[in-house]
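Okay, here's what each chain looks like letter by letter:
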Amino acid sequence: LSLYNAHHWGQVVWGARLPPGTAPQLQYYEYNTNKNSAAFYANDIFQVSEGLFVKADLQFQHLTYKFKQTKMGAFFGHRYNLNYNFLTPRIGVNYNLNKKLNIFGNYSIAKREPKDSDIYDADNPDVLPLFRVIDPSRGIYKNPYIKPETLYDWEAGLGYQKTGTKLRLNVFYMDFDNEIVPTGGITDD
């Protein structure tokens, strides 16, 4: 269980050419974020036969993200809620050929939600949150452009162990769906 609440704001501390009548410590943006998640996890290792073991993991995570920005001047302020549900399985197989040599394989799925800054640059009042349907005057924010990222991971390997020596060869293939990257797509850069 994770509960996270944050209050962000920006203030003018000092300026050489501020307009006359500018209040001291003028606040020029303010917003609150809440990010709460609950996760449930189970795993077990099964011995199928002499030297053959299977490990299975399963995790479920529910995450809610709430954003509330204060209206300032002609700037609307934005409010939206996002919910994510992630089911992430993993299965691994290990076979001990003998006391020194083993082979193993693994398949897993991992998921993650976009960062808040991937969805909206809250410090810049000139941008809109990245939703396909947006009507701030009615509080409608639907279908975000940035989708949760999914990683499909396949691994295989060979291990060798002897007193004082341990060697391991591992190969893997990672396939991303909706990969969230710092460059490309819609970014500040």
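Note that the structure is a prediction, hence the values are computed from the model and not measured.

Undergrad: What is the right way to read the nonpolar core from this model?
TA: Where a protein is soluble and globular, its nonpolar side chains tend to be buried together. With 15 residues, the main nonpolar core has F67, Y80, L82, Y84, I119, Y120 and F131 as its most contacted residues. The set of elements that each furnish at least two residues to this core consists of strand 2 (27-49), strand 3 (52-69) and strand 4 (79-96). Among the elements that make up this core, the one with the highest residue count is strand 4 (four residues). When near neighbours in sequence (up to four residues on either side) are disregarded, L82 contacts L63, T64, Y65, I119, F131 and P144.

Undergrad: I keep staring at the pairing of strand 4 and nothing clicks. Help me out?
TA: The two faces of a sheet get side chains in turn, since along a regular strand they alternate between them. Note: strand 3 against strand 4, 17 bridges, orientation antiparallel. Residue pairing in the sheet places F60 in a bridge with L87 of strand 4. Bridging between strand 4 and strand 5 (residues 101-112) involves seven bridges; their strand directions are antiparallel. From the neighbouring strand, I91 faces strand 5, where its bridge partner is Y107. Where strand 4 folds back on strand 5, the antiparallel hairpin that results is connected by four residues.

Undergrad: Explanation requested: unusual backbone geometry in the structure shown.
TA: Peptide bonds are mostly trans, and most non-glycine residues show a negative phi. Even without glycine at this site, Q25 takes up a positive phi of about 55 degrees. One can find Q25 in the loop between strand 1 (2-11) and strand 2. We classify Q25 as partly exposed; its relative accessible area is 43%. The phi dihedral of N178 falls on the positive side, at around 60 degrees, and the residue is not glycine. Note on placement: N178 falls in the segment after strand 9 (165-177).

Undergrad: Explanation requested: the environment of T70 in the structure shown.
TA: Residue placement: T70 occurs in the loop between strand 3 and strand 4. The class for T70 is partly exposed, based on a relative accessible area of 31%. Sequence-wise, T70 and G164 are 94 residues apart; in three dimensions their C-alpha atoms are separated by 62 Å. Setting aside anything within four residues of it in sequence, one finds T70 in contact with E30, F75 and G77.

Undergrad: What's the story with the sheet that holds strand 3 in this structure? I'm lost.
TA: In sheet architecture, strand pairing relies on hydrogen bonds along the backbone and comes in two forms, parallel and antiparallel. Strand order in the open sheet formed by seven strands is 1-2-3-4-5-8-9, with antiparallel pairing between adjacent strands. Two strands lie at the open edges of the sheet, namely strand 1 and strand 9, each paired on one side alone. Averaged over all neighbouring strand pairs, the angle between strand axes comes to 15 degrees, with direction disregarded. Two strands pair when backbone bridges link them, and strand 1 and strand 2 are joined in this way by 10 bridges, in the antiparallel orientation. Its bridge partner lying in strand 2, S2 is registered against S37.

Undergrad: So what exactly am I meant to see when it comes to the pattern of salt bridges here?
TA: Opposite charge on two side chains permits pairing when their charged atoms draw close. The final tally for this structure, using the stated rule, is three salt bridges. Residues R112 and E149 are paired through a salt bridge, measuring 3.1 Å at the closest nitrogen-oxygen approach. In this pair, R112 is assigned in strand 5 and E149 in strand 8 (residues 149-162), connecting sequence segments 37 residues apart. Two residues, D135 and R138, come together in a salt bridge whose shortest N-O distance is 3.6 Å. For R138, a relative accessible area of 62% gives the class exposed.

Undergrad: Got a minute to help me understand the packing of aromatic side chains in this structure?
TA: Each pair of aromatic rings is reported with the distance of its centres and the angle of its planes. According to the stated counting rule, one finds 12 aromatic pairs in the structure shown. Summarising the aromatic geometry, the rings of F67 and Y80 are spaced 5.0 Å apart at their centres and angled 20 degrees between planes, so their arrangement reads as stacked. A residue pair is termed long-range when its members are at least 10 positions apart, and F67 in strand 3 and Y80 in strand 4 qualify at 13 residues. You can call Y80 buried: its relative accessible area is 4%. Through successive ring pairs, a cluster of aromatic residues spans Y28, Y29, Y31, Y65, F67, Y80, Y120, F131 and Y141.

The rules behind the values
- Residues numbered from 1 in each chain as written.
- Predicted model: local features only at pLDDT ≥ 70, side-chain atom pairs only at ≥ 80, totals over all residues.
- Heavy atoms only, no water.
- Core = buried A, V, L, I, M, F, W, Y, C linked by side-chain atoms within 4.5 Å.
- Buried < 20%, exposed > 50% of the residue type's maximum accessible area, 1.4 Å probe, protein only.
- Helix = DSSP H or I, 4+ residues; strand = E, 2+ residues; numbered from the N terminus.
- Contact = heavy atoms within 4.5 Å.
- Pairing = 2+ DSSP bridges.
- Axes fitted to C-alpha atoms, helices over the stretch in contact; angles between N-to-C directions.
- Salt bridge = Lys/Arg side-chain N within 4 Å of Asp/Glu carboxyl O.
- Phe/Tyr/Trp six-rings, centres within 6.5 Å; stacked < 30°, edge-to-face > 60°.

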